[in-house]
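Summary of structural features
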Amino acid sequence: MRLLIMGPPGAGKGTQAAMICEEFGIPHVSTGDLFRLNLTQGTALGQEAKKYMDAGEYVPDSVTNGMVRERLKEADTKAGFLLDGYPRTVAQVAELDGMLSTTPLDRVIELTADTDEVVKRLLGRAIEQGRADDTEEVIRRRLEVYEEQTAPLTALYKSRGLLVQVDGLGSVEEVTARISAALNS
Ligand code: AMP
């Protein structure tokens, strides 16, 4: 299974990604996690990415594409993977198509969620985790960037017949059950 999960920040992608990866026994390839790992390890890539992440902007493709290309060369992705947070732009879709060439994606899951609901969730998370940088302004900017640059990707994957849309509202278990049903149908 080569899967991609999409959806606005706060839709519950990370939580659902973990459930899907467990169910299918595939690794979770999250660009956000890879950037955060680089940050805690203090790599040059992490320092470069931080400037953009703090502002709610996308990290430049010159940094992001190479990081994903290297990750997808690792042996654990041979039998499949779940991409989370990549591709986020039309240009990244073209890059990913090149990386996968003979082994394209099987399905693209879009988790849908209402904007006010995701802002509420993200603000709650910022307070819980003491993430002072996650202000309402930065959160709204992240959602704006998602709408402008990433939401259009769903139409593209729909035209390829890969898109499954799942309502992200409800308990974790409810949403997981919806995704499982959609993937197994
Ligand atoms: P996430 O955890 O997926 O919300 O990602 C956190 C941040 O990492 C994003 O707000 C971006 O700044 C950056 N990021 C993650 N994935 C990408 C990507 N595919 N392209 C550009 N920036 C990304």
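Here, every reference points to the structure presented above.
This structure is a prediction, so every number in the text was calculated from the model and none was measured.

**Let's talk about the site of the ligand**
Taken together, the neighbourhood of the ligand is formed by 13 residues, with Thr31, Arg36, Glu57, Gly85 and Arg88 sitting nearest. Separating a nitrogen atom of the ligand from a backbone N or O atom of Gly85 is a distance of 2.8 Å. Gln92 places a side-chain nitrogen or oxygen 3.0 Å from a nitrogen atom of the ligand. Ranked by residue count, the leading element in the shell around the ligand is helix α2 (residues 31-40), at four residues. Here the residues of the shell around the ligand sort into five nonpolar, five polar and three charged.

**Overview of unusual backbone geometry**
In this structure, the amide linkage connecting Tyr86 to the following residue, Pro87, adopts the cis form with an omega of 0°. Within the secondary structure, Pro87 sits in the loop between β3 (81-84) and α5 (90-100).

**Re α2**
Along α2, the residues classified as buried are Thr31, Gly32, Leu34, Phe35 and Asn38. Summarising the axial view, the buried residues of α2 lie within an arc of 165°, below the 170-degree limit, and thus occupy one face. Residues of α2 that are buried make contact with β2 (28-30), α3 (44-55), α4 (61-71) and β3. Immediately beyond the C-terminal end of α2, within one or two residues, lies Gly42, with a positive phi of roughly 65°.

**A closer look at the packing of helix α6 (residues 115-128) against helix α7 (residues 136-150)**
In the contact formed by α6 and α7, the axes pass within 10 Å of each other and the chain directions differ by 135°. By the angle between their axes, α6 is oblique relative to α7. Read as a crossing pair, α6 and α7 show a hand that is right-handed. The residues of α7 that touch α6, namely those facing Thr115, Asp116, Val118, Val119, Leu122, Leu123 and Arg125, are Glu136, Ile139, Arg140, Arg142 and Leu143.

About the cut-offs
- Residues numbered from 1 in each chain as written.
- Predicted model: local features only at pLDDT ≥ 70, side-chain atom pairs only at ≥ 80, totals over all residues.
- Heavy atoms only, no water.
- Near = heavy atom within 4 Å.
- Polar contact = N/O pair within 3.5 Å; in protein donor to acceptor, adjacent residues only side chain to side chain.
- Helix = DSSP H or I, 4+ residues; strand = E, 2+ residues; numbered from the N terminus.
- Nonpolar A, V, L, I, M, F, W, Y, C, P; charged D, E, K, R; others polar.
- Buried < 20%, exposed > 50% of the residue type's maximum accessible area, 1.4 Å probe, protein only.
- Arc of directions from axis to C-beta.
- Contact = heavy atoms within 4.5 Å.
- Axes fitted to C-alpha atoms, helices over the stretch in contact; angles between N-to-C directions.
- Parallel < 35°, antiparallel > 145°, perpendicular 65-115°, else oblique.
- Left-handed = near helix turned anticlockwise from the far one by under 90°.

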